[in-house]
Amino acid sequence: MRKAVSFLISIVLLSSVLFGAEYETIEELNGKNIGVQTAVLYEELIMDRVPDSTFQYYTMPNDMILALQSGKVDAYLIEEVSFGVQKKNHPELTVIEEPAGYINATCIIGNNERQDRLLGELNQFIADSWKNGLLDELYDYWIADFDPVNDTCDVTGFTGENGIISVAVEGGYEPFSFISNGNISGFDVDFICRFARAYGYTPEFYEVPFEAIAPGVETGKYDIGMNIVVSEERNETGTLSDVYYTTPIRLVILGEDDSSAGFFATLADSFNKTFIRESRWELFVQGAGITVLITIASIIAGTVLGFLVYLVCRKGSLVANSVTNFFLWLIHGMPTVLLLMILYYIVFGSSRLSGTWVSVVGFSLMFACSMIDMLRVGCHAIGKGQTEASRALGYSESQSFFRIILPQAAQHFLPIYRNEVVTLIKETSVVGYIAVLDLTKISDLVRSRTYEAFFPLIVTAIMYFVISAILTKVVTMVEHAIDPKRRKKEKILKGIKEAE
């Protein structure tokens, strides 16, 4: 059955080449721009045949379609089985007749105390699945006869007597792993679920960018990473299972578009696929909730932490200030995504702390550093005479700071604070790198299903604007509340008796 299906796919691909394809051989792409997904290594298959070509790397497969349509790339590399899904959504796509090569996919096993056991069990399961036809059955269901609307994966029936296994999947790559009706599904997910039922595990799936799967597994954060392409270098550094599927790699190019749908009909269909089908609007709401949670928790924790550290440092302690300045330099100089990955894969690598709360830790540290800088600037803007005068009036050192200096300093740093809140909201868009399904990650996952960019991106942008506007308004209200110039005369004179 599998051979027959592969033959039919090849016939379809060949026929599509004969109608309107701009390129007919791989060599004709020499000197052109070619897209490839980050970390899949498909470019190594054709580098010697197109030595003058430039390879452009993309995180999501559907981003390569947009790049091809907009002329940013002249072709892109993808598995034949995934191209079949793309072709259903974009009839204008076609391929060069000759495959770029063939790849073998394996699982990478986590570098932890269960590595040897899991490797042996997984290899035995793969060997048994080849013999009893299970892998052919999964191939037929998820690839040959794939129905992106109705095909689902059974994620129940786990006994779990041997514990939980954490599994890293891409989550946005039909038909291997994708979100369907709010649940993870696909070839890789079905395969691991069957393995878990056979060997007494309960799987927990984490949707992470493909390029982050191997690093996460090698640090022991995940027990198994799916869909890893075999290479000599990976064999040297990672612990790979036996091969569980093989597929040709195709160079996708633009052919002829015979679509006759009008603009408004296309727009309506895009809206339906993005929000109505499978109730995907709920995913955007959930993603927005995670973004708001991370943002608010980080602002509160970062503000408190930064304020406490400043209180310790403001008296001039050499040790406290030296340590604080070092961490300010370290965190301010580190890219946000790098800080999050270090926290997730290294600092909390052996823990079960979720990516959401690791994100809160990371952004709290970043916001605390900004808070310390803001307090320093604001308080230094207040002359020393204010402190001396308050002390002369009998105020203690602590009372002078909280009643006299801090309220005035707040007027200086609150506008900066407001801008830092907006910056933090925007920076949370990178948390998808550590398996957090925030607003941006949900947008990516929906685009990977619909192959539509307009509504997911525009609505995501609007939701970020709304979140930013609401939180900015809250900070502005606080700023106005403490502004002495906006206080009424009655409040200023409260407690003061008029001279008789």
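From a predicted model like this one, the values you see are computed outputs, not experimental measurements.

A.B. asks: Would you take a moment to explain the packing of aromatic side chains for this structure?
C.D. replies: Geometry of an aromatic ring pair is reported as the spacing of the ring centres plus the angle between the planes. On inspection of all chains with the given rule, the structure shows 32 aromatic pairs. When the centroid spacing of 6.1 Å and the interplanar angle of 20° are considered together, the rings of Phe187 and Tyr244 count as stacked. Of the two residues, Phe187 is situated in helix H6 (residues 187–199) and Tyr244 in the loop between helix H8 (232–237) and strand S12 (245–254); the sequence distance between them amounts to 57 residues. The two residues Phe187 and Tyr244 agree in class, both being buried. Ring centres of Phe195 and Tyr201 lie 5.9 Å apart, and the angle between their planes is 25°; on these two criteria the pair is classed as stacked. On the basis of relative accessible area, Phe195 is assigned to the buried category, the value being 0%. Taken together, the aromatic side chains of Phe125, Tyr173, Phe176, Phe187, Phe191, Phe195, Tyr199, Tyr201, Tyr244 and Tyr245 make up a single cluster linked through ring pairs. Over the ring of Tyr344 we find Lys221, and its NZ or CZ is 4.4 Å from the ring centre.

A.B. asks: Sorry if this is basic, but what is going on with helix H4 (residues 115–132) here?
C.D. replies: Because an α-helix completes one turn every 3.6 residues, residues spaced three or four positions apart along the sequence face the same direction. With 18 residues, H4 should cover 26 Å at 1.5 Å per step; its first-to-last C-alpha distance of 25 Å lies within 8% of that length. What H4 keeps buried is the set Gln115, Leu118, Leu119, Glu121, Leu122, Asn123, Phe125, Ile126 and Ser129. In this structure, the buried residues of H4 make contact with strand S5 (101–109), helix H5 (134–144), strand S6 (164–169), H6 and strand S11 (224–229). Phi turns positive, to about 85°, at Gly133, one or two residues after H4.

A.B. asks: In this structure, what is going on with the nonpolar core? I would like to understand it.
C.D. replies: Grouped burial of nonpolar side chains is what soluble globular proteins tend to show. Grouped together as the largest cluster of nonpolar side chains are 135 residues, with contacts concentrated most on Leu77, Phe191 and Tyr244. For Leu77, the residues in contact, after removing those within four places along its chain, are Ile34, Gly35, Val36, Tyr42, Glu43, Ile46, Phe55, Met64, Ala100, Ile249, Arg250 and Leu251.

A.B. asks: Got a minute to help me understand the pairing of S6 in this structure?
C.D. replies: Remark: a regular strand shows side chains that alternate across the two faces of the sheet. In terms of residue burial, S6 counts as a mostly covered element, since 5 of its 6 residues are buried. Of the strand pairs in this sheet, S6 and strand S10 (residues 202–207) are connected by 6 bridges, and their pairing is parallel. Among the inter-strand pairings, Val169 is bridged to a residue of S10, identified as Glu207. In this structure, S6 lies alongside S11, joined through 2 bridges in parallel fashion. Its bridge partner lying in S11, Ala168 is registered against Gly225.

A.B. asks: I'm lost on the sheet that holds strand S9 (residues 183–185) in this one. Help?
C.D. replies: Ordered in space as S7-S8-S9, the 3 strands form an open sheet in which the pairing is antiparallel. Because the sheet does not close on itself, it has two edges, and the strands there are strand S7 (172–173) and S9. Both S7 and strand S8 (residues 177–180) contribute to a ladder of 2 bridges, which runs antiparallel. Opposite Tyr173, over in S8, you have Ser177 as the bridge partner. Against the sheet, helix H16 (residues 439–450) engages S7 and S8, with an angle of about 95° to S8.

A.B. asks: Sorry, what's going on with the pairing of S8 here?
C.D. replies: Side chains Ser177 and Ile179 project from S8 onto one buried face, and the interleaved Phe178 and Ser180 project onto a second face that is buried too. Counting the residues that bridge the hairpin from S7 to S8 gives 3 residues. Relative to S9, S8 is paired through 3 bridges, and the arrangement is antiparallel. Counted as the bridge partner of Ile179 is Ile184 from S9. The antiparallel hairpin formed by S8 and S9 contains 2 residues in its connecting segment, where Asn181 sits at a positive phi of about 55°.

Thresholds applied
The written sequence of each chain sets the order in which its residues are numbered from 1. Given that this is a predicted model, residues contribute local features only at a pLDDT of at least 70 and side-chain atom pairs are listed and counted only at 80 or more, while totals for whole chains, interfaces and linings are drawn from all residues. Working from all heavy atoms in the structure, the side-chain values ignore hydrogens and water. Whether two aromatic rings pair depends on their centres lying within 6.5 Å, for rings of Phe, Tyr and Trp, where Trp uses its six-membered ring; planes under 30 degrees apart make the pair stacked, over 60 edge-to-face, and the rest tilted. Put simply, DSSP H or I for four residues or longer makes a helix, DSSP E for two residues or longer makes a strand, and each gets a number counted from the N terminus. Think of it in three bands: with a 1.4 Å probe and only protein chains considered, a residue is buried below 20% of the maximum accessible area for its type, exposed above 50%, and partly exposed in between. Each ring is checked for a lysine NZ or an arginine CZ that lies within 6 Å of its centre and within 35 degrees of its normal; such an atom marks a charge sitting over the ring. By this rule the span expected of a helix is its residue count minus one, scaled by 1.5 Å. In what follows, a contact means two residues having at least one pair of non-hydrogen atoms within 4.5 Å. What we call a nonpolar core is a set of buried Ala, Val, Leu, Ile, Met, Phe, Trp, Tyr and Cys residues that are connected through their side-chain atoms within 4.5 Å. Here, strands pair whenever DSSP counts at least two bridges between them. Axes here mean lines fitted to C-alpha atoms, for a helix over just the part in contact, with angles spanning 0 to 180 degrees between N-to-C directions.

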